[in-house]
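Commentary on secondary and tertiary structure
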Amino acid sequence: MQSKGMLANMLRRWQLYVLLLPSLLYILLFHYVPMYGVVIAFKDFKSSRGILGSPWVGFEHFHAFFDSFVFDMVVTNTIKLSVFSLAIGFPIPILFALMLNQIRNRFAQRFVQTVTYAPYFISTVVLVSMLNVFLAPSTGIINNFITLFGGDAVNFMAREEWFRTVYISSGIWQTMGFSAIIYLAALSGVNPELHEAATVDGATKLRRIWHVDLPSIAPTITILFILGIGNIMSVGWEKAFLMQQGMNLPISEIISTYVYKVGLLNAQYSFATAIGLFNSMINFTLLIMTNYVSRKMSGNSLW
């Protein structure tokens, strides 16, 4: 009876399901069907023989990656870059949203919000080109200020010790305003009576933020943090690849850029797939663990 009622309900709202159909087909065709290709990680894939015709090699490609001289380098670089990006970049949109929420002038608030989330729509190629211009050793505006005050010009884009700083800081500048939109939406749902009661009790703005705003958006923060942990090994390869130079390669070579080089440039499809599968399994494990810990500690989780 319950299934019949559900079917009748779906038939009454068939227009909504028709609108949903293209999205479902997109996810099915481009996210689930290609997962079959993961099987080549356990085969010696030959394009002439296809996936089914290629011989099985088991975990040979995984062992080859674990024993390779680049394993420690790319895994360490990926973990450090991801952890630093999450540790530094995750709290900043929260703080920015809390500060922006305190602006009572609606025009000023919208102006600041528009200016700060506009960089999100800059493509990665354009962003890295801007970094190359602004940080150029001889003509860049940053080095012009350094030399103006008596310092020596620094080749930021080539020096190993500056790669992570430039990568993370430019990422924060690009995504801070757009990421804050989610927290601003959560803050808009905070009951004004809570602030009024706190004001009557003599609470300052900082106290109201700490005891009213933050607890109200805590579930949103938790969910986004879990998703961030689940993607901790999935550093965007485009930006890292475009920022790579011969001098900073020991720091800038990460799993995703290495997979691109060995998979597409060197045509080692099985080997690259094995590395990508290893990376995805780490992300999946971290997501499950973080979700479990969060559900036990705070009661908030993805499922």
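We now turn to the structure provided with this report.

Quick notes on the rules
- Residues numbered from 1 in each chain as written.
- Predicted model: local features only at pLDDT ≥ 70, side-chain atom pairs only at ≥ 80, totals over all residues.
- Heavy atoms only, no water.
- Helix = DSSP H or I, 4+ residues; strand = E, 2+ residues; numbered from the N terminus.
- Rg over C-alpha atoms; globule rule 2.2 N^0.38 Å.
- Contact = heavy atoms within 4.5 Å.
- Areas by Shrake-Rupley, 256 points an atom, 1.4 Å probe, with all protein chains shown as cover.
- Expected span 1.5 Å × (residues − 1).
- Bend = angle between axes of the 7 residues up to and from the residue.
- Salt bridge = Lys/Arg side-chain N within 4 Å of Asp/Glu carboxyl O.
- Buried < 20%, exposed > 50% of the residue type's maximum accessible area, 1.4 Å probe, protein only.
- Patch = residues over 30% accessible without salt bridge, like charges linked within 9 Å, V, L, I, M, F, W, Y side chains within 5 Å.
- Lys, Arg positive; Asp, Glu negative; His and termini not counted.
- Charge placed at Lys NZ, Arg CZ, Asp CG, Glu CD.

Digging into the overall build of the chain
Helix and strand counts for the chain stand at 16 helices and zero strands. Relative to a compact globule of 303 residues, whose C-alpha radius of gyration would be 19 Å, the chain shows 24 Å and is clearly more extended. Pairs at least 24 apart in sequence give 62% of the contacts found in the chain among residues at least 6 apart. Total accessible area computed for the chain in this model is approximately 18600 Å², and 69% of it derives from carbon and sulfur atoms.

Quick notes on helix α10 (residues 160–187)
Compared with the 40 Å implied by 1.5 Å per residue over 28 residues, the 40 Å span of α10 between its first and last C-alpha is a close match. The sharpest bend along α10 measures roughly 45° and falls at Thr175.

A few points about the pattern of salt bridges
The full count for this structure, using the stated rule, is three salt bridges. The partner of Arg159 in a salt bridge is Glu161, with the nearest N and O atoms 2.5 Å apart. Owing to a relative accessible area of 35%, Arg159 belongs among the partly exposed residues under this scheme. A salt bridge links Lys261 to Glu253, with the nearest nitrogen and oxygen atoms 3.1 Å apart.

Considerations on the environment of Arg164
Tracing the backbone shows Arg164 in helix α10. Classification of Arg164 as buried rests on a relative accessible area of 17%. Taking the C-alpha atoms as reference, Arg164 lies 9.5 Å from Asn77; in sequence the two are 87 residues apart.

Overview of a positive patch on the surface
A surface patch of like charges, here positive, comprises Arg104, Arg106, Arg110 and Lys205. By the element assignment, Arg110 lies in helix α7 (residues 106–117).

Describing unusual backbone geometry
Non-glycine residue Ala267 carries a positive phi angle of around 60°. If you trace the backbone, Ala267 turns up in the loop between α15 (255–265) and α16 (269–297).

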